[in-house]
Amino acid sequence: MDGFVMLFIKRNKIFAWIPALGWMILIFYLSHQPATSSSELSAGITAFIINMIEKMIPFIEVEISSFHTFIRKCAHFLAYLILGILVAYAIHVKRFYRFVFALIICVLYAISDEVHQLFIPGRSGEVGDVLIDSVGSFSGIVIFVLFDKWRNGSNFPDKRRLE
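None of these values were measured; they are calculated from a predicted model.

**Student:** Is there a simple way to think about the side chain of Ser-31 in this case?
**Tutor:** Its location among the elements puts Ser-31 in helix H2 (residues 17–31). A relative accessible area of 5% places Ser-31 in the buried class. Residues in contact with Ser-31, not counting those within four places in the same chain, are Asp-113, His-116, Gln-117, Ile-120 and Arg-123.

Okay, structure coming up:
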């Protein structure tokens, strides 16, 4: 029975990587699109958001090109925030090492993603995007670690003050 339990634990550790790897594949797929396809996708999302803003707040005028850039950078941040959460979930070590290893994996993936874009027609690799991706990853990992602490009943400083 002991061997079965260990096999189950090892399988769960392997399966924990499936969401992170799936998300990495999605990021790779989106990064592999030529500039025209990528711009069309983000322009459609931008138009949808602007339309919603104009319906909710009709007196606001939104400058489309600046907002389009803002949406693209937010997409970078959000994609890597999610990646940070998924990678932190997949790593099964103590919290500090989980944080460090997850951040290293996410930052290296962000760098590789921008290098990959250098080989895609019309795309470029941007250091600024790596920084945005890294901040997104950092934020996602922090969210995961805090949630994990809360879920496991670790004492937060605020909890001790209330007792």
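**Student:** What's the story with the side chain of His-76 in this structure? I'm lost.
**Tutor:** Secondary-structure assignment places His-76 in helix H4 (residues 64–90). Discounting chain neighbours no more than four positions away, the residues touching His-76 are Glu-114, Asp-129, Ile-132 and Asp-133.

**Student:** Any chance you could explain the packing of aromatic side chains here in plain terms?
**Tutor:** Following the criterion strictly, the structure yields 6 aromatic pairs and no others. With a centroid separation of 5.6 Å and an interplanar angle of 75°, the aromatic rings of Phe-96 and Tyr-97 are classed as edge-to-face. The exposure class of Phe-96 is exposed, given its relative accessible area of 59%. Here the aromatic rings of Phe-99 and Phe-138 are separated by 5.4 Å at their centres, their planes lie at 85°, and the arrangement is edge-to-face. Here the residue Phe-99 occupies a position in helix H5 (residues 95–117), and Phe-138 occupies one in helix H6 (residues 127–151), the gap between them amounting to 39 residues. You can call Phe-138 partly exposed: its relative accessible area is 40%. An aromatic cluster of three or more residues is present, and its members are Phe-96, Tyr-97 and Phe-101.

Each value, and the rule that gives it
- Within any chain, residue numbers begin from 1 and follow the written order of that chain's sequence.
- Only residues with pLDDT of at least 70 get local features here, since the model is predicted, and only at 80 or more are side-chain atom pairs given and counted; chain-wide, interface and lining totals rely on the full set of residues.
- Side-chain numbers come from the whole structure's heavy atoms, not from hydrogens or water.
- Secondary structure is summarised from DSSP: a helix means a run of H or I of at least four residues, a strand means a run of E of at least two, and numbering begins at the N terminus for each.
- The classification of residues rests on relative accessible area computed with a 1.4 Å probe and restricted to protein chains. Under 20% of the type maximum is buried, over 50% is exposed, and intermediate values are partly exposed.
- Contact between two residues is taken to exist if any of their heavy atoms lie within 4.5 Å; hydrogens are not considered.
- Note on aromatic contacts: the rings of Phe and Tyr and the six-membered ring of Trp form a pair at centre separations within 6.5 Å, being stacked when their planes are under 30 degrees apart, edge-to-face when over 60 apart, and tilted otherwise.

That's the geometry; what it means functionally is another story.
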